[in-house]
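Remarks on the overall topology
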Protein chains: 2
Amino acid sequence: MALIVQKYGGTSVGSAERILAVAERVKRWRDQGNQVVVVLSAMSGETDRLIGLARQIQERPEPRELDVLMSTGEQVTIALLSMALSARGCPARSYTGAQVHILTDSAHNKARIRDIDAARVKADLDAGRVVVVAGFQGIDELGDITTLGRGGSDTSAVAIAAALKADECQIYTDVDGVYTTDPRVEPKARKLARITFEEMLEMASLGSKVLQIRSVEFAGKYKVPLRVLSSFGEGEGTLITFEEDAVEDAKIAGIAFSRDEAKLTVLGVPDQPGVAHQILGPIADANIEVDMIIQNIAAQEALTDFTFTVHRNDYARALEILEASAKQLGARQVLGDLHIVKISLVGVGMRSHAGIASRMFSALAQEGINIRMISTSEIKISVVVDEKYLELGVRTLHEAFGLDQASTA
Amino acid sequence: MALIVQKYGGTSVGSAERILAVAERVKRWRDQGNQVVVVLSAMSGETDRLIGLARQIQERPEPRELDVLMSTGEQVTIALLSMALSARGCPARSYTGAQVHILTDSAHNKARIRDIDAARVKADLDAGRVVVVAGFQGIDELGDITTLGRGGSDTSAVAIAAALKADECQIYTDVDGVYTTDPRVEPKARKLARITFEEMLEMASLGSKVLQIRSVEFAGKYKVPLRVLSSFGEGEGTLITFEEDAVEDAKIAGIAFSRDEAKLTVLGVPDQPGVAHQILGPIADANIEVDMIIQNIAAQEALTDFTFTVHRNDYARALEILEASAKQLGARQVLGDLHIVKISLVGVGMRSHAGIASRMFSALAQEGINIRMISTSEIKISVVVDEKYLELGVRTLHEAFGLDQASTA
């Protein structure tokens, strides 16, 4: 007998019919002798509907009240799933985030979980019930309703799994696992049976949208075995594991990419201490996150060029701020480029295998893809290239590293 | 400065536009120096939408889960109204029933309020905030969400007013007060400036649907001054008061009626002790409420006829039960009539003024309306007549007692 936490996303509970299908699946797990806790999102579209309603009332809705409003979405699905389970002779009880004391900080709309009181859930499980918990929501110390932000239901599930010391946390979604890359870009992309937490973290932060990054961090921190699988088909999905040995022995797990990049360059700034801070300080003050940073030493004079990337949504504001600081610094020129993308190779195998970077660069060069920026960490190499090379670049690397060929999984 | 509890029903908060109008009204009361607590229903149609959703999942939805589901309706409106108030520079906070500890028993879907912890509400009021509370819902001792049943938001408002010792509880609705009778039946019906609690209770229990009867009982028990008024127009509405002297000095407050009646008769049962119990016991066991009861002594033999009324919805079941007991009793025949209505004259003035009953009967007789049953209490007289006489009967009595003429209000 295992204790399983299952999380179903918005599309999995998007209609009465789909909720009934989820109930069948949950019942099957329970009938096999498992204790099951289910964490649910709102029906797909519901959160947007509620936000739309709020915007009719107030252009920028009061964050505390927006949480009161949005948290109703999951409350609807937990009630409906519990009914569906009861109707199938499977005793079930639903709980809101407040009812199982998912204690968060008070950062409305993007709260972080601090603690969970698992006593009530455990009592129900021991009484043979399935427990259905609203994802995405909690309460703060004042008893006010909070939400965790988009994708927060994954985090709820992992946090509950951690509090219950569950044997596995299963994230049911509309894809059947983690792939070597996005199959819409490379049809030869292959589903991974296993991936390490570190790799999954890099994949998530580099643009793979299968799991919300915070939930992966949380699972890593509390050592919760995580599995991604499809709520529509069968199959084992992808297990995210701590055991590097257990992972396929390929050097590279996959290729992530992001289209949300923009590049900014200041040309001809004085090459003196404090310049980087003078350029990036005002950007940080505006709450704009900077990803890659490169500083080149210019050939002539004591001048340097400074380049960095930001999220495409922040481009216009960053450019404005940068032009002001460039003027103060006496820089020669500010350049911007919205038409770039980032492609990243991820794999724990990089640690022990040399030559991966050069193989990556040479494969791209052979296709005439010019690399604009490079950034590396222990288990990933990211390059910035022109937007038009995204698909070609991903497919080239996918083939160069033999990702379409299953190793002994 | 007064402490006012205002309750707005589903049609008053039925759209973003209407919620904004409610916010304007609430703000006006607050700007006049009052402390204001607002109790809201779900948007009109929302509760039915949610029940429809539940029925797609389970024919007879699990009562506990139905409450989890339905309580989201008010949670949406309290969040939206608080936003609307904030947007107008009027600080506000919303609370669910659970958050202000509206403690109820555990009778899901029809729970009764036991206690309210007003501390948090008071603290907010003292801090200058408007407090917006979800009507219709509470929690039981286990922390499970409960609902009070249809119309329960009125009861929530009255209970909160009682707990806060509010100066007035204002029930905003789609009519502008309590009328001498339903204006759709008698266009000359006149709005009452005041009515006593006893009269209001009789009016509510006899078919006037302006206020939910339980909320009137609650207000009477806790001495909460209650006012019914329109959320669309202006005007003072109708005050429900304890002071009989303050009420218009008319003998009769109004005329209530009910189309939901059905009559059952057993002919020729033995006139012996225990017969009434043998007839009505099985009816009560089936949870069917009996309203009027009449027993006539038959002329010949030791036989009697026994007649009673039930809600029209219970007619078929009651008839079935009655036919079984009639057989056992050896009764001659069972008769049923679905085409009857009840018309009632209500007024505290009856206590001190004789001759009201005879004036009522004679007015009806003059129009050829045959009275089938009569039942009286200290402040009301009800008659059962054929359905076809409903409108004529109401208008006849309205005129006979001069209800269209305002006395000194």
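As the structure is a computational prediction, the values presented were derived from the model and not from experiment.

**Examining the overall build of chain A**
On a plain count of helices and strands, chain A comes out with 12 helices and 18 strands. A compact globule built from 409 residues would reach a C-alpha radius of gyration of about 22 Å, and chain A, at 24 Å, matches this within 12%. Per-residue burial over chain A gives 56% buried out of 409 residues. Taking contacts inside chain A between residues at least 6 apart in sequence as the whole, the part at least 24 apart equals 74%. Surface summary for chain A: the accessible area is close to 17300 Å², and the carbon and sulfur share equals 48%. Of the charged side chains in chain A, 44 are positive and 55 negative, and the gap between their average positions amounts to 3 Å.

**Brief notes about the domain arrangement of chain A**
In terms of domains, chain A is made up of domain 1 (3-174) and domain 2 (255-400). The C-alpha-based centres of domain 1 of chain A and domain 2 of chain A are spaced at 39 Å.

**A look at the pattern of salt bridges**
Per the counting criterion, the structure on display carries 42 salt bridges over all chains. Ionic pairing is found between D144 of chain B and R120 of chain A, a salt bridge with its closest N-O pair at 2.8 Å. In this pair, D144 of chain B is assigned in the loop between β7 (137-139) and β8 (145-147) and R120 of chain A in helix α5 (residues 119-126), connecting two distinct chains. We classify D144 of chain B as buried; its relative accessible area is 3%. R120 of chain A gets classed as partly exposed once you look at its relative accessible area, which sits at 23%.

**A closer look at the environment of T147 of chain B**
Residues and elements named next belong to chain B. Secondary-structure assignment places T147 in strand β8. For T147, a relative accessible area of 0% gives the class buried. Separated by 38 residues in the primary sequence, T147 and N109 place their C-alpha atoms 5.0 Å from one another. Residues within four places of T147 in sequence aside, it is in contact with D67, M70, A107, N109, K110, A111, F136 and Q137.

**What about the environment of Q328 of chain A?**
Residues and elements named next belong to chain A. Within the fold, Q328 resides in helix α10 (residues 315-329). The exposed category is assigned to Q328, whose relative accessible area is 75%. C-alpha separation for the pair Q328 and A204, spaced 124 residues apart in sequence, amounts to 38 Å.

**As for the interface of chain B and chain A**
Listed per partner, the contact involves 41 residues of chain B and 41 residues of chain A. At the boundary of chain B with chain A, total buried surface from both sides reaches about 3200 Å², with 62% on carbon and sulfur atoms. Of all residues in chain B, the largest losses of buried area upon contact with chain A belong to I57, E65 and M83 of chain B, amounting jointly to 22% of the total for that side. Applying the counting rule to chain B against chain A returns 2 salt bridges. Those elements giving two or more residues to the side of chain B that touches chain A turn out to be α1 (16-31), α2 (46-57), α3 (63-70), α4 (72-87) and β3 (92-95) of chain B. Element by element, the count of residues in the side of chain B that touches chain A is highest for α4 of chain B, at 11 residues. Taken together, the residues of the side of chain B that touches chain A break down into 22 nonpolar, 11 polar and 8 charged.

**Description of unusual backbone geometry**
Of note, F136 of chain A is a non-glycine position whose phi angle comes to about 75°, a positive value. The class for F136 of chain A is buried, based on a relative accessible area of 6%.

**Some thoughts on the sheet that holds strand β13 (residues 254-270) of chain A**
All names here are of chain A. Spatial ordering of the open sheet is given by β14-β15-β13-β16-β18-β17, a layout of 6 strands whose pairing is antiparallel. Two strands bound the open sheet, and with one partner strand each, they are β14 (290-297) and β17 (371-377). If you compare each strand with its neighbour and ignore which way they point, the axes differ by 25° on average. The pairing of β13 with strand β15 (residues 303-311) spans 8 bridges and is antiparallel. From the neighbouring strand, V266 faces β15, where its bridge partner is F306. Packed on one face of the sheet, helix α9 (residues 275-285) meets β13, β14 and β15 and runs near 25° to β15. Contacting β13, β16 (333-346) and β18 (380-386), helix α12 (residues 390-400) runs over the sheet at an angle of about 120° to β13.

**Here we look at the relation of the copies chain B and chain A**
Once turned by 180° and shifted 0.0 Å along the axis, chain B lies on chain A with an RMSD of 0.1 Å. The superposition of one copy onto the other is thereby described by a two-fold rotation axis. Ranked by how close their C-alpha atoms come to the rotation axis, the residues of chain B are headed by T72 of chain B, at 2.6 Å. Both copies contact each other with a shared surface, as 100% of the interface residues of chain B are interface residues in chain A too.

**Focus: the sheet that holds strand β12 (residues 238-241) of chain B**
Pairing between sheet strands relies on hydrogen bonds along the backbone, with the strands arranged either parallel or antiparallel. Residue and element names in this part refer to chain B. On the basis of which strands lie adjacent, the open sheet formed by 8 strands has the order β3-β6-β2-β1-β9-β11-β12-β10 and mixed pairing. Bordering the open sheet on either side are β3 and β10 (194-196), each of which pairs with just one other strand. This sheet shows a mean twist of 20° between the axes of neighbouring strands, independent of strand direction. Here 6 bridges tie strand β1 (residues 3-8) to strand β2 (residues 35-40), and the two strands are oriented parallel to one another. When the bridges of β2 are listed, V5 appears paired with V37. Sitting on the sheet, helix α6 (residues 152-164) touches β1, β2, β6 (130-134), β9 (168-173) and β11 (226-230), and the angle it makes with β1 is about 170°.

**What to know about the packing of α9 of chain A against α10 of chain A**
Residue and element names in this part refer to chain A. In the contact formed by α9 and α10, the axes pass within 9 Å of each other and the chain directions differ by 150°. Helix-helix and strand crossings are classified by hand; for α9 and α10 the assignment is right-handed. Mapping the contact onto sequence places Q278, I279, P282 and I283 in α9 and A318, I321, L322, S325 and L329 in α10. Considered class by class, the residues forming the contact of α9 with α10 number 7 nonpolar, 2 polar and no charged.

Definitions and cut-offs
Residues numbered from 1 in each chain as written. Chains lettered and ligands numbered in written order. Predicted model: local features only at pLDDT ≥ 70, side-chain atom pairs only at ≥ 80, totals over all residues. Heavy atoms only, no water. Helix = DSSP H or I, 4+ residues; strand = E, 2+ residues; numbered from the N terminus. Rg over C-alpha atoms; globule rule 2.2 N^0.38 Å. Buried < 20%, exposed > 50% of the residue type's maximum accessible area, 1.4 Å probe, protein only. Contact = heavy atoms within 4.5 Å. Areas by Shrake-Rupley, 256 points an atom, 1.4 Å probe, with all protein chains shown as cover. Lys, Arg positive; Asp, Glu negative; His and termini not counted. Charge placed at Lys NZ, Arg CZ, Asp CG, Glu CD. Domains from an automatic or database assignment. Salt bridge = Lys/Arg side-chain N within 4 Å of Asp/Glu carboxyl O. Buried area = accessible area lost by both parts, 1.4 Å probe. Nonpolar A, V, L, I, M, F, W, Y, C, P; charged D, E, K, R; others polar. Pairing = 2+ DSSP bridges. Axes fitted to C-alpha atoms, helices over the stretch in contact; angles between N-to-C directions. Least-squares fit on C-alpha atoms with pLDDT ≥ 70 in both. Left-handed = near helix turned anticlockwise from the far one by under 90°.

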